[in-house]
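# Residue-level structural notes
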Amino acid sequence: MTASALILGCSGLVLTPEEKGFFRDVDPWGFILFKRNCDEPEQVRALVSSLRDAVGRADAPVLIDQEGGRVQRLKPPYWPSYPAGRPFGAVFSHDPDRARRCLFNVTRLIAKDLHDLGITVDCMPVLDVPVPGAHDVIGDRAYASDPETVAILGRVVCEALLAGGVLPVIKHVPGHGRAGVDSHLSLPRVDAARERLASSDFAPFKALADMPLAMTAHVVYSALDPDRPATTSPTMIGDIIRGELAYDGLLMTDDLSMQALDGPLGKRISQSIAAGCDVGLHCNGSMAEMVELAAVAPKLDGDALRRARAALARLEPPAPFDQDQAFADLAAMMGESV
């Protein structure tokens, strides 16, 4: 594998000739789809196929954010609406068995949607633990406000996706729940003590450290590194994510074009890789920005290459499941989330 340490987006419903040539030359490890790329099933299948054809790798991962609720790139009428994470946590508080069953079944339906399109990675579960007063960028995407429930339900989601032939991405490590601002727009700073972070924010990620893929948080944790967000912090990645949390899966950045990060894009990815990220994620499909990133992005090698191969090795054919029960659970949960 000589792929570049990049996951890139594209501009529209089909690849332009410029994009095809660029992806062929740069050979990003993977791709990510957004609403602008998704119209109807046959179009999405064709786009996914053309992305893989461009790099000549049938196993090139194709990612999407299909959490449910307000973060859902595939929408009706071709795909169901799915509930956000929080309603499952609400059910868990009084009926844990039902919550686990419903969440597993609904996630299997999401996985089936993706697998049928050739999409192999879903950027979920959200393992962030929100606190009162935090920005709503996480909000009801989180399963609960306690780390134990978040970890339990996060594992249900991961197991359901894997059973459906799709890789999960745990996010946003080591925790975005305390952020007072939206990292898409500005840099959050969290001033909680290390002990509090370890017992709450970090705990779900430690509990799911066996998962194949993770996404960083563009958040400064002042008690640990007051100067740099986790994405570009050797302390946060080396000492906390790889050390204290014992995470040895492939670590991707959150979107490098987000305004939480500063400086030129080439500097952003260089700092992220130097800090210990394996792959840089860029989402908006801007050719000029992707060219800037590709000029400095390294090829996957060493531990990053090992982790990339290990992640793809976790993909297996979907296991059978009871679709009738899954749709019944989806209908019930959508009714409760209204």
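Preceding block: the structure.
Residues numbered from 1 in each chain as written. Predicted model: local features only at pLDDT ≥ 70, side-chain atom pairs only at ≥ 80, totals over all residues. Heavy atoms only, no water.

### Quick look at the overall build of the protein
If you tally the helices and strands in the protein, you get twelve helices and twelve strands. Taken over the C-alpha trace, the protein has a radius of gyration of 19 Å; the compact-globule value for 338 residues is 20 Å, and the two agree within 12%. Taking the principal axes of the C-alpha coordinates as reference, the protein spans close to 55 × 50 × 30 Å. The buried share among the 338 residues of the protein stands at 58%. Here the contacts in the protein between residues at least 6 apart in sequence split such that 77% fall between residues at least 24 apart. Of the accessible surface of the protein, which amounts to about 12,600 Å², a share of 53% is contributed by carbon and sulfur atoms. Here the protein holds 33 positive side-chain charges and 45 negative ones, and the gap between their average locations is 1 Å. (Helix = DSSP H or I, 4+ residues; strand = E, 2+ residues; numbered from the N terminus. Rg over C-alpha atoms; globule rule 2.2 N^0.38 Å. Buried < 20%, exposed > 50% of the residue type's maximum accessible area, 1.4 Å probe, protein only. Contact = heavy atoms within 4.5 Å. Areas by Shrake-Rupley, 256 points an atom, 1.4 Å probe, with all protein chains shown as cover. Lys, Arg positive; Asp, Glu negative; His and termini not counted. Charge placed at Lys NZ, Arg CZ, Asp CG, Glu CD.)

### Let's talk about empty space enclosed by the protein
Within the structure shown, the criterion is met by one cavity of 30 Å³ or more. In this model, the largest cavity occupies a volume close to 100 Å³. Counting only elements with at least two residues in the lining of the largest cavity, the list comes to β4 (66-68) and α4 (96-117). Its residues assigned to classes, the lining of the largest cavity shows nine nonpolar, three polar and two charged. (1 Å grid on protein atoms, 1.4 Å probe; cavity = no way out; pocket = protein on both sides within 12 Å on 5 of 7 lines; lining within 4 Å. Points joined across faces, edges and corners; volume = space filled by probe spheres on them. Nonpolar A, V, L, I, M, F, W, Y, C, P; charged D, E, K, R; others polar.)

### Focus: the sheet that holds strand β1 (residues 4-8)
Hydrogen bonds along the backbone pair up the strands of a sheet, which may run parallel or antiparallel. One closed barrel accounts for eight strands, arranged β1-β2-β3-β6-β7-β9-β11-β12; its pairing is parallel. Note that strand β2 (residues 28-33) and strand β3 (residues 62-64) share three bridges and pair parallel. Note that in β3 the partner of Ile 32 across the bridge is Leu 63. The strands touched by helix α1 (residues 17-26) are β1 and β2; relative to β1, the strand with the most contacts, the crossing angle is about 150°. Packing of helix α5 (residues 147-163) onto the sheet brings it into contact with β6 (121-122) and β7 (167-173), and relative to β7 it is tilted by some 150°. (Pairing = 2+ DSSP bridges. Axes fitted to C-alpha atoms, helices over the stretch in contact; angles between N-to-C directions.)

In short, geometric facts, not functional conclusions.
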